[in-house]
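Structure at a glance
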Amino acid sequence: MATNKNGNPLPGSRTGSSKTGSKPRKKKKNIFLRLLLTLFLIGCIGLLSGATLFMYYVKETPELDYAKLEDDLSSEIFASNGELIYSVGNKKREAIKSEEIPFLLKESIISIEDKRFEKHIGIDPIRIVGAVVANFKSSGSGGLQGGSTLTQQLIKLSFFSTSKADQTLERKAQEAWLSLELEKQKSKDEILTYYINKVYMANGLYGMKTAAKAYYDKELDELTLAQSALFAGIPQAPNDYDPYVNPELAKQRRDMVLGQLRSDDKITDQEFQDAVNEPIDHELLPIEDNKAQNKVIDNYIYEVIEEVETKTEKNIFTDGLKIYTNIDMEAQNYLYNLVNTDNTILFPNDEFQAAVTVLDVNTGKVVAQIGGRKIPDDVQLGENLATTAKRDFASAVKPINVYAPAIEYLNYSTAKTIVDEPYKYEGTNTPLYNYDMSYRGPISLREALVDSRNIPAAKTIKEVGLDKSQEFLNKLHVKYAGENVQSRAIHGETNSLDMAGAYAALANGGKYYAPSYIERIQFTDGSEEIYTDSGTRVMKESTAYMVTDILKDVLRRGTGVPANISNIVHAGKTGTSNYDDTEKSKVIGDPSGAPNISFVGYTPNYVISVWTGYSEYFHSIPYSEQQLAMMIYKFMMSYMMNGVEVKDWVMPDSVVKIGNELFVKGYETNQYRYTQPSSSVEESETSETTESSESTPPVEVPEPKPEPEPKPEPEPEPKPEPEPEPEPEPKPEAGTSP
């Protein structure tokens, strides 16, 4: 190697050491730069791929539908006294408004679920990274925070499945996108409100307001600090943190929330300690099992739901209505026990059915109703026979089909003479018979109805005219199955509710009030709709009073004597239908029995309409069981009238009384009763061989057991002795009624 005089290398000369020392440094630098470039390129590709995949997933994201954020709200149904008796809806849920969120509850939720809730934009990268690190360090210990914000949790609850199997990358991307969108359009308080109203709180309860009422019978702003902390902690794992099922786990979770509040300086050390020391079951109420009460009111609730749908455009299952009904729960409980136990009345078997409606005659309010006996436990909102059944009410229809129209349109008096004689339906060869296969000759209209004679009824409806009879029934909103023919004089297929509504017009002096289950409805926006009926006049006062006066005699000395109550003023009519000759081969049981027994009675306050029979039409009611409809009426009306001032109907100025008979004023001169030898009023009612009839069974039917309720029930008034020298009635042949 060439050097100068000083021994230094000459320019351009090479040294082995310099060559070998520079190459490694350059090589390392190039490799590092290439690695950085490669990583950058990979990152760009990854970022681009991730963005592309994210946008692909987002393309399939559901629309941000606020209705799903609000979710379904259960509706509450209240009795007439304001007592909550039923909640109906797909989910039991009540909602609060943003301004109603209590401070402690808000801070508890944020502290445990999303500390940066007030700062992030719907997703929180810092929280996600922190959650990953925390989960790695804690390695499976309980109570860890997840990466999802409250907004993302709300989106998940509202739009997606909460199953772990469904937590895919695609689903996470869509949750994040919707969360970003929601945060742009709604305030933090609105989002928190959605969350509070949405979350599941165990025991079939949705929303914290619902849980506060069920667990503590409190509003949210009445909860203690410890209770608020418990509520904030439950939504993460509702079944695990259920204070009823897992009180220890629930306490651990609650105390964790309290610890977070303290570390966030939201509460003092003393407040923390006091709350931690509060027992987990402090003020915790038993979860109500409403199955027993639900059976009592099942039929009534069914009708409430139907009426809500008719009167409003709201959905009772989703719209969070508060529905105040007309049900009197004391009366409903009494009625339910009356027909479902043998404590008061001895029923033949569990298959025997009854449908009963109790109506306020001056308002149309349905006070109580039963649509069947011995309903199975697994039946919910089942068929209500009081409204759906079309069964023959037989002679109970005579007052409204025949005699009220005769007085209304023809001004007949109660003394009007009608000849009871052999008779065939108009234009046919079909004979009509009375129950005793005999004829009483000329009798008064009053006597024809009290003794429920078929032939006088058929003659009278002919005089009225079928069209006028139907016109009268239309005003009473009574619609019978079948054709409007002359046999309509003695039977009609309808239901307990419609008969109660029609008879109520007789009871109140001639006004029709539409039967109603609902008094008012409150909507979620705070508005309220009140449902009242001022009544529509459907008959003259004279008509209502005169028919009522006759029906009082039915209970005093006629076919309804077993239903009489001695210490009240009331009126009523029995009804018993028959199988015709072509049906008797199909009858199950006694072929001379009846398919339907009914009774409708009323006071100036209430009307009670009773149908009894079997769901199977051909299962007959034997003669010995045909007082049961009257017994149901008697005990129920005694209960309803206990403590109520007894009043009689006041005769209107449009009615004139001459002797014991009543006349429409101005029509007194030519309708006096035909005088004939006195005869007894039969214990039984009328019959025909091919049409409906009615009967009153013999007194050997077991008398009802003493009433166990505190309200004493009157004993039946003894039936008056028959008038002098009556001939005893023989038991009719099969196919007729006694």
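Placed above this text is the structure.
In short, a report on the structure. Here the structure is a predicted model, which is why all the values come from computation and not from measurement. (Residues numbered from 1 in each chain as written. Predicted model: local features only at pLDDT ≥ 70, side-chain atom pairs only at ≥ 80, totals over all residues. Heavy atoms only, no water.)

**Remarks on the sheet that holds strand β15 (residues 518-522)**
Which entries qualify depends on this criterion: Two strands qualify as a pair provided DSSP detects at least 2 bridges between them. Secondary structure elements follow DSSP: runs of H or I of four or more residues count as helices, runs of E of two or more count as strands, with numbering from the N terminus. In this analysis an axis means a line fitted to C-alpha atoms, helices contributing only their contacting stretch, and an angle means the value between N-to-C directions, from 0 to 180 degrees.
Taken together, the 5 strands give an open sheet; going across it, the order is β2-β1-β5-β15-β16, and neighbouring strands pair in mixed fashion. One side of each edge strand has no neighbouring strand; the edge strands of this open sheet are β2 (84-88) and β16 (528-530). Between one strand axis and the next, the sheet turns by 20 degrees as a mean value, whatever way the strands run.

**Overview of helix α3 (residues 103-113)**
Applicable threshold: Burial classification: accessible surface area is computed with a 1.4 Å probe over protein chains only, and a residue below 20% of its type maximum counts as buried, one above 50% as exposed, and the rest as partly exposed.
The buried fraction of α3 amounts to 9 of the 11 residues, a majority that puts the element mostly inside the structure. Looking at α3, one finds that the buried residues are Leu-105, Lys-106, Glu-107, Ser-108, Ile-109, Ile-110, Ser-111, Ile-112 and Glu-113.

**Let's talk about the packing of helix α15 (residues 398-410) against helix α17 (residues 454-464)**
Helix packing for two helices is described by the angle between their axes and how far apart those axes are. Put simply, the rule reads: Angle categories: roughly parallel below 35 degrees, roughly antiparallel above 145, roughly perpendicular from 65 to 115, and oblique for all the rest. Note on convention: near helix rotated counterclockwise from far helix by under a right angle means a left-handed crossing. Clockwise means right-handed. Two residues form a contact once any of their heavy atoms are found within 4.5 Å. The residue classification treats Ala, Val, Leu, Ile, Met, Phe, Trp, Tyr, Cys and Pro as nonpolar and Asp, Glu, Lys and Arg as charged. All others, Gly included, are polar.
Following both chains from N to C, one finds α15 and α17 inclined at 45 degrees, their axes separated by 9 Å at the closest point. With respect to α17, the axis of α15 lies oblique. Of the two possible hands of crossing, α15 and α17 adopt the one that is left-handed. Contacts between α15 and α17 involve Lys-398, Asn-401, Val-402, Tyr-403, Pro-405, Ala-406, Tyr-409 and Leu-410 on the former and, on the latter, Asn-454, Pro-456, Ala-457, Thr-460, Ile-461, Glu-463 and Val-464. Partitioning the contact of α15 with α17 into residue classes produces 10 nonpolar, 3 polar and 2 charged.

**A look at unusual backbone geometry**
Phi at Glu-283 is positive, roughly 65 degrees, even though this residue is not glycine. Along the chain, the position of Glu-283 falls in the loop between α11 (269-277) and α12 (291-311). Phi angles above zero are rare outside glycine, and Met-437 is one such case at about 55 degrees. Note that Met-437 resides in the loop between β11 (431-432) and β12 (441-444).

**Looking at the pairing of β2**
With 4 bridges joining them, strand β1 (residues 75-78) and β2 adopt antiparallel strand pairing. Bridge pairing in β2 links Glu-76 to Ser-87. In this structure, the hairpin formed by β1 and β2 is closed by a connection of 5 residues, where Gly-82 is found at a positive phi of approximately 90 degrees.

**So, the environment of Asn-203**
The condition that has to hold: In protein, a polar contact requires one atom able to donate a hydrogen and another able to accept it; more generally it is a pair of N or O atoms within 3.5 Å, and residues adjacent in sequence count only if both atoms are side-chain atoms.
By secondary structure assignment, the location of Asn-203 is in the loop between α7 (188-198) and β4 (205-206). Overall, Asn-203 belongs to the partly exposed group, its relative accessible area being 33%. Sequence-wise, Asn-203 and Asn-239 are 36 residues apart; in three dimensions their C-alpha atoms are separated by 8.2 Å. Ignoring sequence-local partners within four residues, the contact set of Asn-203 consists of Tyr-215, Asp-242, Tyr-244 and Ile-287. A distance of 3.0 Å separates the side chain of Asn-203 from the side chain of Tyr-215, its partner in a polar contact. A polar side-chain atom of Asn-203 sits 3.3 Å from a polar atom in the side chain of Asp-242.

**Things to note about helix α8 (residues 208-216)**
Summarising burial for α8: 7 of the 9 residues are buried, a large majority. Among the residues of α8, those classed as buried are Met-208, Lys-209, Thr-210, Ala-211, Ala-212, Tyr-215 and Tyr-216. Those residues of α8 hidden inside the fold are in contact with β3 (92-93), α3, α7, β4 and α9 (225-233). The first or second residue beyond α8 is Asp-217, which carries a positive phi of 55 degrees.

**Observations regarding the packing of aromatic side chains**
Quick note on the threshold: Note on ring pairs: Phe, Tyr and Trp rings are taken, using the six-membered ring of Trp, and paired if centres are within 6.5 Å. Classes follow the plane angle, with under 30 degrees stacked, over 60 edge-to-face and the rest tilted. Only when the NZ atom of a Lys or the CZ atom of an Arg is both within 6 Å of the ring centre and within 35 degrees of the ring normal do we say a charge sits over the ring.
Across all of its chains, the model carries 17 aromatic pairs by this definition. On the basis of an interplanar angle of 10 degrees and a centroid distance of 4.5 Å, the ring pair of Phe-78 and Tyr-324 is categorised as stacked. Of this pair, Phe-78 sits in strand β1 while Tyr-324 sits in strand β5 (residues 322-325); the two residues are 246 residues apart in sequence, bridging distant segments of the chain. By the burial criterion, Phe-78 is buried, and Tyr-324 matches it. Aromatic side chains Tyr-334 and Tyr-639 sit 4.2 Å apart centroid to centroid with 15 degrees between the ring planes, which places their arrangement in the stacked category. Taken together, the residues span a long stretch of sequence, with Tyr-334 in helix α13 (residues 329-340) and Tyr-639 in helix α21 (residues 628-641) at a distance of 305 residues. Accessibility expressed as a relative area gives 4% for Tyr-334, which makes it buried. A connected cluster of aromatic rings, assembled from ring pairs, spans Tyr-215, Tyr-216, Phe-231 and Tyr-244. Over the face of the ring belonging to Tyr-409 we find Lys-468, whose NZ or CZ atom lies 4.3 Å from the ring centre. Sitting over the ring of Phe-635, Lys-634 keeps its end group 5.7 Å from the ring centre.

**A word on the pattern of salt bridges**
Cut-off, in case you're wondering: Salt bridge criterion: a side-chain nitrogen from Lys or Arg within 4 Å of a carboxyl oxygen from Asp or Glu.
Considering all chains together, one arrives at 32 salt bridges under this definition. Notably, a salt bridge pairs Glu-118 with Lys-106, separated by 3.8 Å at the nearest N-O pair. Of this pair, Glu-118 sits in the loop between α3 and α4 (125-138) while Lys-106 sits in helix α3, and the two are 12 residues apart along the sequence. On the basis of relative accessible area, Glu-118 is assigned to the partly exposed category, the value being 45%. Salt-bridge contacts for Lys-184 lead to Glu-181; the nearest nitrogen and oxygen are separated by 3.4 Å.

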